[in-house]
Amino acid sequence: MAEKKKQTYAEAIAELEAIVSKLQNNECEIDELKNYTTRSLTLLRFCKEKLFETDKEVKKILEELGD
């Protein structure tokens, strides 16, 4: 069975940008709006978590360098 590839931060941002573009260009049917909103929330949470995780790791590395 094939393993599902983990999404990267860049891929998540690209997907969010595509959703925003569809919404701005009125390419979104009202029936799809809920799905786009739900997916956007999931992507935003993923990106936020990734940013906080990276910030924490960078701060840890900088602390180690400062010792």
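Scroll up for the structure.
No experiment lies behind these values; they were computed from the predicted model shown. (Residues numbered from 1 in each chain as written. Predicted model: local features only at pLDDT ≥ 70, side-chain atom pairs only at ≥ 80, totals over all residues. Heavy atoms only, no water.)

Quick notes on the pattern of salt bridges
Logical step 1: Summed over all chains, the structure comprises 2 salt bridges.
Logical step 2: The partner of Arg39 in a salt bridge is Glu15, with the nearest N and O atoms 2.7 Å apart. Of the two residues, Arg39 sits in helix H2 (residues 30–66) while Glu15 sits in helix H1 (residues 9–24), which places them 24 residues apart along the sequence.
Logical step 3: Taking the relative accessible area as the measure of exposure, Glu15 reaches 25% and is therefore partly exposed.
Logical step 4: Ionic pairing is found between Asp55 and Lys59, a salt bridge with its closest N-O pair at 3.1 Å. Within this pair, Asp55 and its partner Lys59 are both found in helix H2, separated by 4 residues, close to a single helical turn.
Logical step 5: Taking relative accessible area as the criterion, Asp55 reaches 35% and is therefore assigned partly exposed. (Salt bridge = Lys/Arg side-chain N within 4 Å of Asp/Glu carboxyl O. Helix = DSSP H or I, 4+ residues; strand = E, 2+ residues; numbered from the N terminus. Buried < 20%, exposed > 50% of the residue type's maximum accessible area, 1.4 Å probe, protein only.)

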